Amino acid sequence: MTDVIVPKVAGGAYAPVHEEHGPTGLMKWITTTDHKVIGMSYMITAVALFYIAGLLALGIRVQLTTPHGTFISFQQYNELFTMHGSIMMYLFAGPFAFGGLANYIVPLQVGAPDMAFPRLNALSYWLYLGGSIMMLMGFGVAGGSADFGWVAYAPLSTSTYTPGLGEDLWIMALVLTGFSAIFTGVNLVATIFYLRAPGMTMFRMPIFTWNMLVTGILILIAFPVLTAALVMLFCDRHFGTKIYSVTGCHTTAGIVDVHACGSAVLWQNLFWFFGHPEVYILALPFFGIATEIFPVFSRKPVFGYKGMVFATMSIAALSTGVWAHHMFTTGTVLLPFFSLMSLLIAVPTGIKFFNWIGTMWRGQLVYTTPMLMSIGFLFAFLMGGVTGVMLASPPIDFFVHTTYFVVAHFHQVLFGTAVFAGFAGFYYWYPKMFGRMLNDRLGRVHFVLLFVGFWVTFIPQYVLGLHGMPRRVASYPTGLGWQSWNIASTIGAFMIAFSFVVLLVNVWVSWRYPVPAGDNPWDAHTLEWFTTSPPPHHNYTHLPQIRSERPTWDYNHPDAPTIRHGRSQGPPNGHGPYTGGDGGPPGHGNGSAGVARGVPAT
Amino acid sequence: MAVAGGLLLAGCNLPTFGETKPITSQGQDSIKLWQGFFIAGAVVFLFVFCLIAWASIRYRRRSHAIPRQTQYHTILEIFYTVIPIVGVLILFGFTFVTENNVDALPAPKVSVTVTAFQWGWRFHYAKQDVTVIGIELQDPEMVLPQGETVRISLRSHDVVHGFYVPAFDFSRYAQPGITNRFTLNLHTLGTYRGQCTQYCGLFHSLMRFRVRVVTPAQFATWLRTHRSGGTTSRASLTASAGGAVR
Ligand code: HEM
Ligand SMILES: [Cu+2]
Ligand SMILES: [Cu+2]
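Reading the values: the criteria
Residues numbered from 1 in each chain as written. Chains lettered and ligands numbered in written order. Predicted model: local features only at pLDDT ≥ 70, side-chain atom pairs only at ≥ 80, totals over all residues. Heavy atoms only, no water. Donors = N, O, S within 2.8 Å, 3.2 Å for Na, K, Ca; no water. Tetrahedral: all angles 85-135°; square planar, octahedral: opposite > 155°, others 65-115°. Helix = DSSP H or I, 4+ residues; strand = E, 2+ residues; numbered from the N terminus. Buried < 20%, exposed > 50% of the residue type's maximum accessible area, 1.4 Å probe, protein only. Salt bridge = Lys/Arg side-chain N within 4 Å of Asp/Glu carboxyl O. Disulfide = S-S within 2.5 Å. Near = heavy atom within 4 Å. Polar contact = N/O pair within 3.5 Å; in protein donor to acceptor, adjacent residues only side chain to side chain. Nonpolar A, V, L, I, M, F, W, Y, C, P; charged D, E, K, R; others polar. Contact = heavy atoms within 4.5 Å. Buried area = accessible area lost by both parts, 1.4 Å probe. Core = buried A, V, L, I, M, F, W, Y, C linked by side-chain atoms within 4.5 Å. Pairing = 2+ DSSP bridges. Axes fitted to C-alpha atoms, helices over the stretch in contact; angles between N-to-C directions. Patch = residues over 30% accessible without salt bridge, like charges linked within 9 Å, V, L, I, M, F, W, Y side chains within 5 Å. Areas by Shrake-Rupley, 256 points an atom, 1.4 Å probe, with all protein chains shown as cover.

Draft legend 1. Structural view of the coordination of the iron atom of ligand 1. All names here are of chain A. Around the iron atom of ligand 1, the donor atoms from the protein are His84 (NE2) and His411 (NE2), and they sit 2.0 Å away. Considering all six donor atoms around the iron atom of ligand 1, angles at the metal cover 88 to 179 degrees and the coordination shape is octahedral. Of this pair, histidine 84 sits in helix H3 (residues 74-110) while histidine 411 sits in helix H13 (residues 404-434), placing them 327 residues apart in sequence. For histidine 84, a relative accessible area of 13% translates into the label buried.

Draft legend 2. Focus on the pattern of salt bridges. Residues and elements named next belong to chain B. Scanning the entire structure with this criterion turns up eight salt bridges over all chains. Between glutamate 141 and arginine 212 there is a salt bridge, with its nearest N and O atoms 2.7 Å apart. Residue glutamate 141 is found in strand S4 (residues 141-145), and its partner arginine 212 is found in strand S10 (residues 208-214); the two are separated by 71 residues along the sequence. Classification of glutamate 141 by relative accessible area gives buried; the value is 16%. For arginine 212, a relative accessible area of 25% gives the class partly exposed. In this structure, a network of salt bridges that share partners links the residues Glu141, Arg210 and Arg212.

Draft legend 3. Focus on the state of the cysteines. Within this structure, the stated rule accounts for zero disulfides over all chains. Considering cysteine sulfurs only, Cys261(A) is the nearest to Cys235(A), which forms no disulfide, with 16 Å between them.

Draft legend 4. Seen up close, the site of ligand 1. Residue and element names in this part refer to chain A. The immediate surroundings of ligand 1 are formed by 23 residues, with Tyr77, His84, Trp150, His411 and Arg472 found nearest. Here an oxygen atom of ligand 1 sits 2.5 Å away from a polar atom, N or O, in the side chain of tyrosine 77. Separating an oxygen atom of ligand 1 from a side-chain N or O atom of tyrosine 404 is a distance of 3.3 Å. Mapped by element, the contributors of at least two residues to the shell around ligand 1 are helix H2 (35-63), H3 and H13. If you tally residues by element for the shell around ligand 1, the top one is H13, at seven residues. When its residues are assigned to classes, the shell around ligand 1 shows 15 nonpolar, five polar and three charged.

Draft legend 5. Seen up close, the coordination of the copper ion (ligand 2). Residue and element names in this part refer to chain A. Distances from the copper ion (ligand 2) to its protein donors, namely His276 (ND1), His325 (NE2) and His326 (NE2), fall within the range 1.5 to 2.0 Å. Ordering the donors of the copper ion (ligand 2) by residue number gives the pattern H-x48-H-H. For histidine 325, a relative accessible area of 15% corresponds to the buried category.

Draft legend 6. The arrangement of unusual backbone geometry in detail. Residue and element names in this part refer to chain A. Geometrically, the link from alanine 154 to proline 155 is a cis peptide bond, its omega value of 5 degrees lying close to zero. Inspection of the secondary structure puts proline 155 in the loop between helix H4 (118-137) and helix H5 (165-194). At the junction of serine 533 and proline 534, the peptide bond is cis and its omega measures out at -15 degrees in the coordinates. By secondary structure assignment, the location of proline 534 is in the loop between helix H15 (482-512) and helix H16 (551-556). A positive phi angle, close to 60 degrees, is found at arginine 472, a residue other than glycine. Examined against the element boundaries, arginine 472 turns out to sit in the loop between helix H14 (440-466) and H15. In this structure, aspartate 523 takes a positive phi of about 55 degrees despite not being glycine. Tracing the sequence through the fold places aspartate 523 in the loop between H15 and H16.

Draft legend 7. Quick look at the environment of Pro108(B). If you trace the backbone, Pro108(B) turns up in the loop between helix H3 (74-103) and strand S1 (110-117). In sequence terms Pro108(B) and Thr183(B) are 75 residues apart; their C-alpha atoms lie 7.8 Å from each other.

Draft legend 8. Examining the interface of chain B and chain A more closely. Contact residues are listed per partner, giving 89 residues for chain B and 108 residues for chain A. Regarding the contact of chain B and chain A, the summed buried area is about 8300 Å², with carbon and sulfur atoms giving 66% of it. Seen at the junction of chain B and chain A, the total is zero salt bridges. Connecting chain B to chain A are 26 residue pairs in polar contact (both at pLDDT 80 or more). Mapped by element, the contributors of at least two residues to the side of chain B that touches chain A are helix H2 (25-58), H3, strand S5 (149-156), strand S7 (170-174), strand S9 (190-196) and helix H5 (239-244) of chain B. With 18 residues, H2(B) is the single largest residue contributor to the side of chain B that touches chain A. Split by residue class, the side of chain B that touches chain A holds 46 nonpolar, 28 polar and 15 charged.

Draft legend 9. Spatial organisation of the environment of Gln35(B). Residues and elements named next belong to chain B. For glutamine 35, the position within the fold is in helix H2. On the basis of relative accessibility, which here comes to 4%, the residue glutamine 35 falls in the buried class. Separated by 19 residues in the primary sequence, glutamine 35 and threonine 16 have C-alpha atoms spaced 6.5 Å apart.

Draft legend 10. Seen up close, the nonpolar core. Trp170(A), Trp267(A), Val112(B), Tyr125(B), Met142(B) and Phe163(B) are the most contacted members of the largest nonpolar core, which has 254 residues in total. Examining the composition of this core, we find that 22 residues originate from one element, H3(A), more than from any other. When near neighbours in sequence (up to four residues on either side) are disregarded, Met142(B) contacts Val112(B), Val114(B), Phe123(B), Tyr125(B), Ile152(B), Phe163(B), Arg210(B), Val211(B) and Arg212(B).

Draft legend 11. View of the sheet that holds S9(B). Residues and elements named next belong to chain B. Spatial strand order, S4-S10-S9-S6-S7: five strands in an open sheet with mixed pairing. Two strands close off the open sheet at either side, each with one partner strand: S4 and S7. Across the sheet, the mean angle separating the axes of adjacent strands is 25 degrees when strand polarity is ignored. The sheet contact formed by S9 and S10 spans six bridges and is antiparallel. What sits directly across from threonine 191, in S10, is arginine 212.

Draft legend 12. Just a nonpolar patch on the surface, in detail. Residues and elements named next belong to chain A. Nonpolar side chains collect at one region of the surface, where Leu26, Met27, Trp29, Ile30, Ile44 and Trp126 lie side by side and expose about 610 Å² of accessible area between them. With four residues, helix H1 (residues 25-31) is the single largest residue contributor to the nonpolar patch. Within the fold, isoleucine 44 resides in helix H2.

What follows is the structure, given as structure tokens:
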């Protein structure tokens, strides 16, 4: 431990590496402001909630194996799909990505010692945990949990129609987790703008970090709108305001008179103004994960790096102008505008696809579990994307809207991202976080079961939707041939569930019989693989020179630099990776010994 | 090309790719668009699928040599930006035309006001003073004439509901404070299934109805016999509803 790099960080000096003081054990986890510990808490909580929501999904699927299922009552069914959707969307996918993985990985990828606001970061986690517990508490109160769907359409969500405590808990939980997301967004944006290590220019940032920057900005655009909408909903429920509520607004003819009254459709506009960016808040981080994994296991740089960045930005920009594609059948929105904007999102998404394929093209593909999961993500998202283009066309949406076709579509994209790409990231960074490998053979078993189960679950749902089966029904008519498709879907769901038992076994094996990972088991490209696994308290004792978006690769393979702009030869930016510094010995891999190496800063 | 080809082909006798066969002119327009999108989507899916599959199999690791570290190919990148833009604009053009046909509001011969409520439907033929109401958990029946221009005015008494008849290949929200109007030109006689599609509370699953398309003559007779308003449909408790409610 000789040379210590002191990055120039905004707002003061960088504390040099020191042994951690203060509490240990459980107290350490509670009082910590270390982004790595907070990130891990986030991930463990989010994955636990994913398992809970998955169990709820199994309940849904069991109920639907017979047309007049008697497994649960209508009321319970309505609670189950509401909580399944809400947990998956608000408490699992987002927090897993930006609270968990990004929290852990982004500071490492930009060479920062921590997040920009470590205490705010801790507050984010506690708000998230509190909100999650609050939402789950709904199951314990009289009247049951929220039962108005994850979108809580007004006026069903006003106190006239859903007066229960479960609904109030749901609203308050989302206000808490909403603030948690906003704080994390602030933290990510500030960290990426201000705490990058010397040499880490914007266009040398890994794509995962780029995507998290754009995600952070999207969070800051979208979540305050949700929070405000929820506060207004709460006022409608408890303080007699009439923002969405139409109670007591009926004319003598029994029709609702809007002029004296709240506007129910306002909720849909506000909700989806949050909700569509939200689906990209849930997608972009996972695109980022896949974009880290494809290059590493193809042993090539990411193809079309700049195109990838601009594609991410244009997806984000477009995503704020398409909310009304969820409202085509309300008859209150300008169809052509929202249709065109939605169709256009296919373009940057297509660019990403071709860039991913271009990254694999002429590579040397290594099929580890993260790579398999990422390819699973490609196939899933491909079909989800194609059916998404169909839904962007209003006349088509008119007949598949709120049927199982939509359920199949959004699971292909959300499951494709949050589960395939999400767990690709889990397998990929687990060695960095815990210093031990997951078993690759068990990983493959997990992947195969998951992949087959995924298609068996969701392809029948497309068919059911086209045959006219609405979503959110606890019972369906006999004689329409729907039962066999539903049984198929349920079988698939149990395969998925089983695949996640295999994951638990895998994690258990890695604790019981640890296989040390070393610093860089995958021969990866980005900065986080340069430090030890797990990284020390403030992440780095040394940094390599950062001359491209692949500092660790450049360090380990100085003779194989990125070839830019079709030029046949030439090291990055016209410099050899080590010509500028006083040069540590290049060319030896940074193995598991954790020996300090690299070059001191200028 | 695939897109345009798909949409042109759609004019011919193609299968509906799983979607219900339409019994209205509006539905037929939508289905043509669907066929075009389906074919275009299938072509794009297969193309990208094959690229991924080829790349994953062909470029499996064969040696430990480090492959060429290519990062950019500007011409190729421009190519796969521009082609999708053109494809999307073509899809949008067809969407725009179909949308205007489906949403057109020509002067109607018959008007029905449909009111959705928790958990049932009320069909009101104002001019003829006929009302059909489905009492909770009974499926009411909306009777409509074949071949005539029918205008539906849709609204809700309470929460948001969805008016959906698979055989129309069409749905629309019923919302409090908003009246949605749309046109149907029915071709085929028969009885069809309808259902609420927007989740509306406890018995959403059972909020069903039927549509019976009859000849104009039968329609006139039906109206005459049901005049005087407030007639409750003779709907029987369907076996399905009875069995499922607990
Ligand atoms: C673990 C495997 C999963 C299965 C078997 C599953 C199954 C289902 C089913 C059958 C429904 C429809 C319920 C209904 O409409 O009656 C549903 C709804 C939903 N699912 Fe999943 N799902 C899974 C994973 C996920 C994931 C990973 C996400 C998102 C990240 C997700 C998000 C949703 C949402 C948002 C809804 C809509 C809830 C609502 O209608 O309010 N699901 N799921
Ligand atoms: Cu959307
Ligand atoms: Cu309903």
